[in-house]
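A closer look at the structure
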Amino acid sequence: MNLSDYFAMVLGSYLPAATATLVGNADHPGLGGIVKFYETSCGGILVAAEVSGLPPVQENAGTGFFAMHIHEGGDCTPPFAGAGQHYNPFGRPHPRHAGDLLPLFADRGYAWSAFFDDRLTVKELTGKSVIIHAQRDDFTTQPSGDAGEKIGCGVIQAVAR
């Protein structure tokens, strides 16, 4: 079985090992969604994100892209200061730290994304948070890609088996 068939099988047939239920900040109370984390036999994880209530393009520098990162803290009390900084256990520059995820691309406030990441494990992510930022990640600016305000947050929790 090739990897794309395997990944499709995992996403379609398996329960995630962990999830993060997203909530919006005070300025974006309609933002919500879920990020699912699946263990794989490939030495990495699959991440599937579904987010709604993202701001219109006019409020997002005209791109429709929103940065999505793992942050080291597990407190999603608005304004999400308890989420802390980007998860970066090896001290790498942005965008090479483990907490750097692929961006979301929204259409009419909705985004769905799935990707493979071999830098992370579900075990190390549990208790950390997923942050959705107000703007795109420029993949250059240190330490966090100039992604703007934290507009959404969800604590990563293991799924009971």
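Residues numbered from 1 in each chain as written. Predicted model: local features only at pLDDT ≥ 70, side-chain atom pairs only at ≥ 80, totals over all residues. Heavy atoms only, no water.

1. Some words on the side chain of threonine 19
The topology assignment puts threonine 19 in strand 1 (residues 18-24). According to the relative accessible area criterion, threonine 19 is buried, its value standing at 18%. Setting aside its immediate chain neighbours within four residues, threonine 19 contacts Ile34, Val35, Lys36, Phe37, Val155, Ile156, Gln157 and Val159. (Helix = DSSP H or I, 4+ residues; strand = E, 2+ residues; numbered from the N terminus. Buried < 20%, exposed > 50% of the residue type's maximum accessible area, 1.4 Å probe, protein only. Contact = heavy atoms within 4.5 Å.)

2. Some thoughts on the pattern of salt bridges
Opposite charge on two side chains makes pairing possible when the charged atoms of those side chains draw close. The tally for this structure, following the rule as stated, stands at 2 salt bridges. The partner of aspartate 107 in a salt bridge is arginine 108, and the shortest N-O contact between them spans 3.7 Å. Since its relative accessible area comes to 81%, arginine 108 is described here as exposed. The salt bridge involving arginine 119 is made with aspartate 117; its shortest N-O contact spans 2.8 Å. For arginine 119, a relative accessible area of 29% translates into the label partly exposed. (Salt bridge = Lys/Arg side-chain N within 4 Å of Asp/Glu carboxyl O.)

3. Focus on unusual backbone geometry
With an omega of 10°, the peptide bond between histidine 94 and proline 95 qualifies as cis. Locating proline 95 in the fold gives a position in the loop between strand 5 (68-71) and strand 6 (104-105). Cis geometry marks the peptide bond from glutamine 142 to proline 143; its omega dihedral reads 5°. Locating proline 143 in the fold gives a position in the loop between strand 8 (129-133) and strand 9 (150-158). The backbone phi angle of phenylalanine 80 is positive, close to 75°, even though this residue is not glycine. Take phenylalanine 80: it is sitting in the loop between strand 5 and strand 6. A relative accessible area of 0% places phenylalanine 80 in the buried class.

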